[in-house]
Amino acid sequence: MLASKKKISTRQACVLFLTLVYSPAIRLFPVFAADIAERAGWLGPIFAVVPFIGLVFVMQSLFKNEKEANLSDLIIKIMGKIPGRAILFLYLLWLMVLLGLYVRYYAERFLTSLLPHTPMAFFTITILAVTFYAVRGGLVQLARTTEFFFLLFTAVFVFLFILCLTSVEMINLLPVTHYDFWPLTKSTYAILGIWAYFPFMFFFGDEINDKEHIKRFGLQSTAYLVIIGLMLLIQTIGTYGYSIIARVSLPYIIVIKSISVLETIERIESMALAFWVITDFVIISVFTYMIVSIIKSLFSLSEKKSLVSPVTLFAFIFSLYLARNRLELAEFSKYIGLPLNIFFGFAIPFILFVIGKIRKKI
Amino acid sequence: MVYLLISIVILSLWDVKKMKDKNQKKDIVIYSLLMVMVGTLGVYYFSVPDHDSFSKILLSFIGQGE
């Protein structure tokens, strides 16, 4: 009982996942869906459901007999000590790259939208200082804070969607024909590239209770992801059309900017930006926690707290070194980020499942 | 770069002291290695202003550079 007080539930882990997915989803989904699937792009989340459900079932199977383990332990158990540690090392490198990427995207959003003349280091140092404090406080506190913000953000998101509905034009969304099937399948690439973060939550699986409920909460999360994804794409593509959405940066903010209630209530994009900042805090904090968890497992260390310092300093420097400008950042996400996310988030867990079954390790 | 190095030193002293009190020798070694790597990356980044970015290097491998 006392030990489980330092753990979170599978439901809380899924809430962490759903919250951290918001930030990249808002940034990427509308642009990719509009560019690849055009008018039919809003249906992308429905096409992405089947692979994600498969992933949920794979994770359920991996942890079926390993209630106290984390994903690092499972990788080493299934693949063996040396190949397992090699795979874990690759995951560590990739997650550190992603951490730097999200810190950079956080800063770039302010530079693009609100404060273009402010030094980037101001934004990166601020978010990393908050992350440093939050992550050192522990996973339980982070999860509880995120649960509260998750409810608030969902309410705000739905509220903004309802306000946008008056601007949505059906001609921007319909008709959808059988010719859209293949482009829609291709457009799931961006969606799956972000939903692929689900297995990464289990790198701190030794701090997650009741993993026998992965399937239950995973499927509930799937439903939530599909609904939120549909709402996001309907309000962006439906308001301005696919040709404009495919070309603008921050399409969601541009759509929110256009909301005007009785020509009185305007400029409510600040509300969306405030909650986007919170989701960025969650994704950066959770990725930091994943990285320190992997380092602890990889080197068999006794605790994680002290590892937060080098990881946050690395995130600061790497976010600057990662790209020279927004164009390089976007190219990196499109050609390297998303494919590697799908590899690490879908392909490797599936391979682990197959090898685990063959070797009778799971 | 100076502020970065000062941060590294201050954080290292603070964390290593706590780890030493708990007699976590292995943790101190790994922590020190990580801090040295971070410091090296920081010195490289701030000392060589004309370097190619990480994205540019990787994108050039897959033929997506300029």
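Residues numbered from 1 in each chain as written. Chains lettered and ligands numbered in written order. Predicted model: local features only at pLDDT ≥ 70, side-chain atom pairs only at ≥ 80, totals over all residues. Heavy atoms only, no water.

Comments concerning the pattern of salt bridges
Thinking step 1. Throughout the structure, instances matching the rule amount to 10 salt bridges over all chains.
Thinking step 2. The closest approach of N and O atoms between Asp15(B) and Arg136(A), which form a salt bridge, is 3.2 Å. Here the residue Asp15(B) occupies a position in helix α1 (residues 2-21), and Arg136(A) occupies one in helix α5 (residues 120-137), the pair thus bridging two chains. Taken individually, Asp15(B) and Arg136(A) each receive the classification buried, so the pair is uniform in this respect. (Salt bridge = Lys/Arg side-chain N within 4 Å of Asp/Glu carboxyl O. Helix = DSSP H or I, 4+ residues; strand = E, 2+ residues; numbered from the N terminus. Buried < 20%, exposed > 50% of the residue type's maximum accessible area, 1.4 Å probe, protein only.)

Looking at the interface of chain B and chain A
Thinking step 1. Across the boundary between the two partners, chain B contributes 35 residues, which contact 28 residues of chain A.
Thinking step 2. Interface area, chain B with chain A, both sides summed: about 2,800 Å², of which 71% is carbon and sulfur.
Thinking step 3. It is Leu41(B), Tyr45(B) and Phe54(B) in chain B that bury the most area against chain A; as a group they hold 18% of the surface buried on that side.
Thinking step 4. At the surface where chain B touches chain A, the tally comes to two salt bridges.
Thinking step 5. With its nearest N and O atoms 3.2 Å apart, the salt bridge here joins Lys22(B) to Glu303(A).
Thinking step 6. Counting across the chain B and chain A interface gives 11 residue pairs in polar contact (both at pLDDT 80 or more).
Thinking step 7. When residues in the side of chain B that touches chain A are grouped by element, the largest group, 12 residues, is from helix α2 (residues 25-47) of chain B.
Thinking step 8. Residues that form the side of chain B that touches chain A fall into these classes: 20 nonpolar, seven polar and eight charged. (Contact = heavy atoms within 4.5 Å. Buried area = accessible area lost by both parts, 1.4 Å probe. Polar contact = N/O pair within 3.5 Å; in protein donor to acceptor, adjacent residues only side chain to side chain. Nonpolar A, V, L, I, M, F, W, Y, C, P; charged D, E, K, R; others polar.)

Observations regarding unusual backbone geometry
Phi is mostly negative for residues that are not glycine, and the peptide bonds are mostly trans.
Thinking step 1. The peptide bond linking Leu174(A) to Pro175(A) adopts the cis configuration, its omega dihedral lying at 0°.
Thinking step 2. With respect to the helices and strands, the residue Pro175(A) is situated in the loop between α6 (139-164) and α7 (181-195).
Thinking step 3. A positive phi is found at Asn23(B), a non-glycine position, where the angle reads about 55°.
Thinking step 4. Given a relative accessible area of 55%, Asn23(B) falls into the exposed group.

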